[in-house]
Amino acid sequence: MSSLKPDNAPEFWRTLAEKDGANLGELVGDEFASRLPGTFDQVERRAFLKLMGASLALAGMAGCTRQPPEQILPYVRQPETIIPGKPLSYATAMTLGGRATGILVESHEGRPTKIEGNPSHPASLGATDVFAQAALLDLYDPDRMQTLSHVGEILPWSAFIGAMRTVMTSQHATKGAGLRILTETVCSPTLAAQIEDVLARFPAAVWHQWDPGSELNAAAGLRLAAGTDLSAHYNVENAAVIVCLDADFFSCGAGSLRYARQFARRRRPEGAGCRLYAAETTPTPTGAKADHRLPLKPSQVESLARALAVDLGVAGVGRGTALSADAQAWLTAVRADLAAHRGSSLVVAGEAQPAVVHALAHAMNAALGNAGRTVLYTDPIDARPVDHIQSIRDLAAAMAAGHVDTLLIIGGNPVYTAPADLRFAEQMSNVRLRAHLSLHANETSAISHWQIPEAHFLEAWSDARAFDGTVSIVQPLIAPLYGGRSAHEVLAALSDRPERTSYQIVREHWQDGGSTRQDPPYTPRPGVPPNVSRPGLARETRREVDPAFEAFWRRTVHDGVMANTTLPTRAIGPIGAIAAFSASPATPPGGIEIAFRNDPTVHDGRFNNNGWLQELPKPLTHLTWDNAVLVSPATMTRLNGTATPDFTGGERGQIHGSVVEIRYRGRAVRGAMFPVAGHPDDVATLHLGYGRTRTGHVGRDRGFNAGALRTSDALGFGTGAQIALTGDTFPLACVQYHHLMEGRDIIRAVPRAELAALKKEETEFPSIWPVLTDEQEKVADYKWGMSIDLNACNGCSACVVSCQAENNIPVVGKTEVMRGREMHWLRVDSYHQGEIENPKSYFQPVPCMHCETAPCEPVCPVGATVHSSEGLNDMVYNRCVGTRYCSNNCPYKVRRFNFLQYQDWNTPSLMLGRNPDVTVRSRGVMEKCTYCVQRISAGRIQSEREGRTIQDGEVKTACQAVCPTEAIVFGNLNDPNSRVSKLQAEQRDYALLRELNTRPRTTYLAAITEMNPDLATKNGHKP
Amino acid sequence: MPQIFHRSTNTIARVSIFGALFFVAGLLYLAYQIDRSPWVTQVNVARNQPIQFSHERHVAGNGIDCRYCHTTVETAAFAGIPPTKTCMNCHSQIFSNAPFLDSVRESFRSDRSIAWTRVHDLPDFAYFDHSIHVAKGVGCATCHGPVDKMPLMRKHSSLQMEWCLDCHRHPERYVRPRTEVFNMSYVAPANQLELGQKLVAENRIRKMMDCNTCHR
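As the structure is a prediction and not an experimental result, all values here were calculated from the model. (Residues numbered from 1 in each chain as written. Chains lettered and ligands numbered in written order. Predicted model: local features only at pLDDT ≥ 70, side-chain atom pairs only at ≥ 80, totals over all residues.)

1. What to know about the nonpolar core
Soluble globular proteins: nonpolar side chains tend toward being buried together. Core analysis: the largest hydrophobic core is formed by 275 residues, its most contacted members being Leu 245, Val 348, Leu 360, Ile 594, Val 629 and Phe 674 of chain A. Element by element, the count of residues in this core is highest for helix H12 (residues 355-367) of chain A, at 9 residues. Residues in contact with Leu 245 of chain A, not counting those within four places in the same chain, are Ala 279, Val 301, Leu 304, Ala 305, Val 347, Val 348, Ala 349, Gly 350, Gln 353, Val 357 and Ala 361 of chain A. Of all hydrophobic cores here, the second largest spans 13 residues; its members include Ala 79, Ala 135, Val 138 and Leu 199 of chain B. (Core = buried A, V, L, I, M, F, W, Y, C linked by C-beta atoms within 7 Å. Buried ≥ 20, exposed ≤ 12 C-beta atoms within 10 Å, placed from the backbone. Helix = DSSP H or I, 4+ residues; strand = E, 2+ residues; numbered from the N terminus. Contact = placed C-beta atoms within 7 Å.)

Below you can see the structure in the form of structure tokens.
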């Protein structure tokens, strides 16, 4: 192997049609076919000409207007730290499934405009996921609940406090027997202390927890294995072999950003290497990164885990059902690899698998000596670990029996997310007083008496623990836009000091020594006045502030992490023969199996009204705006279903999928079928979070509600479902067929063993352009370039949302995506290699390449796209007249055109969130990736003022800054010591479509595979 | 058949064809002039302000440095319009009862901003940064003119792109020593070109001609 470029025809493919060898000419050629309704009414030719003539004349007139006068409103008293136009960053934290991820939020004169990761936070390390990036849009969402109301009547906050006082009086006699509090996972020490405080005064009251977004089975499995409540997290730095059992380890769950970074570092050429095996149902980014992926029905994963556990010598494990030959071969190789890496391997079970699989994974890790090295155990992170499923079941039963008088729902949307068999909405109607705190008016608010608008996490004080126990203070960036209240304030309404603010509550909690489960990070000094929030002490005293506390508090809020709060790791005893291990799983009945998964972009439905997440193509399927019934291509054929790509104006943005009815345990839903390569046969994956009936205007009537099928005894997957065609089709907006590779050589991969012998591609191709030498390109101090490592990228798409937030990129909506008009400046393509049944998948982020000889530049008639001295391909919006020649001439298809007025110029709340350093584009203008030129400008101005040059790493593009795997590196190519120069000098560096002689400044690093030689050929992957 | 047109028509036709060229050229020249006229650029047109604030009085009369009020001119893109507090630093003592300062005191009392009318207003797609211009030796007066002689603030320069580019192409014609940036009475020396070239080399002044310098 001497060169990266494969000799034969491309072995990679993007879409099933390409793999099947469909006639590409046919796909591309039928340019004007469309089944979409036209945007405008049919206009006659004469009317059209009249309108155009008038428009032209008026447009000429409009060009003559003078700028309208504007006003400047200075501060009356300017805050000390604020310099108008200079953003400030504040540390805070976002929670998902209760666990915190540290973030830094950029604030322009008090308006949060961008979220970055907090490098000092263990769960972030400077990166964020898509949800944290998109949280900004949730904050400014005009559809948020805006008023506190009681049965439709808008009331002040004091009315709610009064209502809670009445509740307390009436519950006093029964010690709170009729009082129930339902929360999501609580990892906030302050909130937990508040709830415990309520429970102390009302001992008969019950605290329930239900959080479909958190790791319920993982917690149950660990409880089963260790016999006590614990939390586990991983250290991938020490893992040379990782085995995932239906676990989307790199994109789901707390700590996933950290694991992804550690994995990517090990996989770098200079890293120690790490082989990843994944047995999974739904193709996920983790499976795509796996060297050996095994598609498996969800019910078979337990049998696979059992077989592996038996082989690894875990005591008392009964074997499950028989495995297929492929699975046996996979198992044999995995066993040998694990046995060879005792103490440096890792077995991870996924959330969709039942507790016993998690327990088996822990037992295997113990047997392999991984505990304490790759798997770390701590005391539980949850303030009060409970079995959520049992908890919500108990609540439903108590409501049904009429035992619940007052139900206080703190966040979440149980009416929508609770398992269907609990009939939560119906039971809830038996409760006399129902109060719900929520960001949006959702299904649960609809049947609650008190609807309380929740303060977004960027609007209120709180605190939370990360996956390893580290506490962060959640600090607000802006006063509540819609008068929202935090969970702390709602619970304070049940205390004898109901008017306290979240700030007072959180601060006093830590001032009093914080959590009781651990050494307090700040110990109150003797002599400091007693805790005024303690029950029975109504005396309002102004607290004397200990300077040591003030210093501790300021440091903690500033850093975003509280020092010395990481929970110490602890050993767990040997995991012996557990009863659950010996029981053999029952053979599943025939029919289709259903896998329920949280959606990759809207999660359990909580991000349903977020346009950025709705329009973000889901990894691997590239669906937007809807969920679908994901099946294998073979299953689709067997069911006589179809998924036909259709196109508008040459762009293939629609797939017409057969609508099927899924019948499962007496319930049925209808959804469009969509084939996914690598999906196991006779299984349908249904993503939750869609089919919402009460949400904002963005999320309404999108997809179908898979949760309507889910029952409490089978949350992860179910067996024995029937799927039948209904005869209808449904158009799905899918960007998979956009920008087809059309036979070109785009993706490269190289086995680790061949890295040393690899030679960089250096052939020169004939050109009609004068070819610039490197010296000729060096006209300025800086020569900007980017390197994208396909080996590191795991397709998480955080870069896409980050780019959208940084560069004011509009959301276009489903119809426009179906026309191929999505506006993302950066897309993450996925490519597959090998057979449809189990391909190896790769991800490729594609921004503008900033070609040195850019094909877009010479074709622009008005000079709106020109080259800068530093090598950027500038886009000048105010010159652009919208001919779109540049886009037609771009071989990478990275230019985006504002066909319509996509940007919302009317909603005041959305204006607050825009980046003031980037022009907001209007209709008729071309746009594309600028290498975040506003950040380069800021860096240049800063450095020039200080009389120096820009240092390497000083300017980071938005996509680079959030990347969990450090796949994107930007910098100065004139500096041979910059990181990007070194990466571009690597042997595996290659330019996309190099044969076109565009000399792109963005180049790619080939993926590195670490195949197990024993398995390489058997799995259908080329060695 | 008699001729329809008189002989002289030929002359009229020739003259009008020839004249049309001048007419079109004249129209173009007119458009060119209108676009650069104060009617469009608002150069030297004093704006109405809520308070009759005189730069002449404060700068020339009282000798207050530009940076006393425009505090962020050296650190940020925006030079900064002073908060009411800055006015009240002096005017709580001087002219503390003067009726023409009623709205300043009202602003300070009610915590409501004074709504000034923008005099120098760039279009929203152009990004200008004061701090770097000041750091490289562009004097306040180079763009803003003799502010110390303006009782009411007005634009001195058109702020049109050709005006920006004039200096970006030939910075040596305009830059001054960094120490003279805030000096309102600075007069360019006779050897400006020579001095300018020296300053351009010394202060690493680049001819920033890329579109992305201002448009992004």
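2. Some points on the sheet that holds strand E12 (residues 275-280) of chain A
Residues and elements named next belong to chain A. Pairing in this open sheet of 4 strands is parallel, and the strands run E13-E12-E11-E14 from one edge to the other. Two strands lie at the open edges of the sheet, namely strand E13 (292-295) and strand E14 (345-349), each paired on one side alone. The mean inter-strand angle of the sheet, taken between neighbouring strand axes irrespective of direction, is 10°. Relative to E12, strand E11 (residues 241-245) runs parallel, the two being bridged by 5 bridges. Among the inter-strand pairings, Ile 242 is bridged to a residue of E12, identified as Leu 276. (Pairing = 2+ DSSP bridges. Axes fitted to C-alpha atoms, helices over the stretch in contact; angles between N-to-C directions.)

3. What about the interface of chain A and chain B?
With 33 residues of chain A at the contact, the number on the chain B side is 35 residues. Elements with a minimum of two residues in the side of chain A that touches chain B: strand E2 (71-72) and helix H28 (933-945) of chain A. Looking at the side of chain A that touches chain B element by element, the count peaks at 6 residues for H28 of chain A. Of the residues belonging to the side of chain A that touches chain B, the class tally is 15 nonpolar, 11 polar and 7 charged. For E2 of chain A and strand E1 (residues 116-117) of chain B, the ladder comprises 2 bridges, and the chain directions are antiparallel. Residue pairing across strands places Ile 72 of chain A opposite Trp 116 of chain B, the latter belonging to E1 of chain B. (Nonpolar A, V, L, I, M, F, W, Y, C, P; charged D, E, K, R; others polar.)

4. Observations regarding the pairing of E14 of chain A
All names here are of chain A. Across the 5 residues that make up E14, a large majority, 5, are buried. Of the two faces of E14, both are covered, the one formed by Ser 345, Val 347 and Ala 349 as well as the one formed by Leu 346 and Val 348. Across 5 bridges, E11 lies against E14 in parallel orientation. Within the sheet, the bridge partner assigned to Ile 242 lies in E14 and is Leu 346.

5. Describing unusual backbone geometry
All names here are of chain A. In this structure, His 622 takes a positive phi of about 60° despite not being glycine. Within the secondary structure, His 622 is located in the loop between helix H21 (611-615) and strand E22 (623-624). Even without being a glycine, Glu 966 presents a positive backbone phi close to 55°. In this structure, Glu 966 sits in the loop between helix H29 (958-962) and strand E37 (968-972). Take Glu 966: there are 19 C-beta atoms within 10 Å of it, and that puts it in the partly exposed class.

6. Quick notes on the packing of helix H5 (residues 84-91) of chain B against helix H6 (residues 102-110) of chain B
Helix packing geometry: the angle between the two helix axes and the distance between the axes. All names here are of chain B. Two elements in contact, H5 and H6, have axes separated by 10 Å at closest approach and are oriented at 120°. In terms of orientation, H5 and H6 fall into the oblique class. The handedness of the crossing between H5 and H6 is left-handed. Within the contact between the two elements, H5 uses Thr 84, Cys 87, Met 88 and His 91 and H6 uses Val 104, Ser 107 and Phe 108. (Parallel < 35°, antiparallel > 145°, perpendicular 65-115°, else oblique. Left-handed = near helix turned anticlockwise from the far one by under 90°.)

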